[in-house]
Amino acid sequence: MIETGITSAAKALFLKSVVNDTCKLALYCADADLGVHTKEYTPEGEVSGYGYKAGGIRLEDCALVEEDDGSVFVTWCDAEWPKATITAAGYMIYDTSKNNTALFVGSWGAEYTSTNGPFRVPIPDRQIMLL
């Protein structure tokens, strides 16, 4: 039997290029114009406030995971601003090693606020995934 589709090896090859790159997570306001059409990091609509610098923070401990079912995904440790006063409704993960290319845009469907405290963004294990 011949099965049509992108091979697991090709999926891993595509995502391996991200593993050793510097990727960052930036936070955005509810009115930011972001989505699957977004090509690169933009400061337009990015949050501002105490403890937050434009461009966001570097994501740490990037890993490539290949599952037995053929899916491949990239994961990082959660992002956290330890002491910040900000309100955000979503975020962008982008690759600074590849001209700030946007990799993922996420919306929480609501605004979240921290006041002189931690602002944490949990990164799901399968954030950027090829099935």
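Each remark here, short or long, concerns the structure printed above.
Residues numbered from 1 in each chain as written. Predicted model: local features only at pLDDT ≥ 70, side-chain atom pairs only at ≥ 80, totals over all residues. Heavy atoms only, no water.

Draft legend 1. Up close: the overall build of the protein chain. What the protein chain contains, in helices and strands, is 1 helix and 7 strands. Of the regular secondary structure in the protein chain, the N- to C-terminal order runs α-β-β-β-β-β-β-β. Counting only C-alpha atoms and orienting by the principal axes, one finds that the protein chain spans roughly 60 × 25 × 25 Å. For the protein chain, the residues scored as buried account for 37% of the 131 residues in total. For the protein chain, contacts bridging at least 24 residues in sequence account for 69% of all contacts bridging at least 6. Carbon and sulfur atoms provide 51% of the accessible area of the protein chain, an area that totals close to 7,800 Å². Averaged over its 10 positive side-chain charges, the protein chain has a centre that lies 5 Å from the centre of its 18 negative ones. (Helix = DSSP H or I, 4+ residues; strand = E, 2+ residues; numbered from the N terminus. Buried < 20%, exposed > 50% of the residue type's maximum accessible area, 1.4 Å probe, protein only. Contact = heavy atoms within 4.5 Å. Areas by Shrake-Rupley, 256 points an atom, 1.4 Å probe, with all protein chains shown as cover. Lys, Arg positive; Asp, Glu negative; His and termini not counted. Charge placed at Lys NZ, Arg CZ, Asp CG, Glu CD.)

Draft legend 2. A look at helix α1 (residues 8–19). Under the 1.5 Å per step criterion, the end-to-end length of α1 is 16 Å for 12 residues, consistent within 8% with the ideal 16 Å. Looking only at α1, the buried set comprises K11, A12, L15 and V18. One side of α1 holds all its buried residues, which, seen down the axis, span an arc of 100°. Opposite the buried face of α1, by more than 90 degrees, sit the exposed residues A9 and L13. Where α1 is buried, its residues contact β1 (23–28), β3 (63–66), β4 (72–75), β5 (79–95), β6 (101–121) and β7 (128–130). (Expected span 1.5 Å × (residues − 1). Arc of directions from axis to C-beta.)

Draft legend 3. Region of the structure containing the environment of C23. In this fold, C23 is placed in strand β1. By relative accessible area, C23 is classed as buried at 0%. Along the primary structure C23 and N100 are separated by 77 residues, whereas in three dimensions their C-alpha atoms are 8.4 Å apart. Excluding residues within four positions of it along the chain, C23 makes contact with V18, I57, R58, L59, W76, Y94, D95 and L103.

Draft legend 4. Region of the structure containing the state of the cysteines. With the rule as written, the count across this model stands at 0 disulfides. Lacking any disulfide linkage, C23 is separated from the closest cysteine sulfur, that of C62, by 5.9 Å. (Disulfide = S-S within 2.5 Å.)

Bear in mind that shape data such as this cannot, by itself, settle questions of function.
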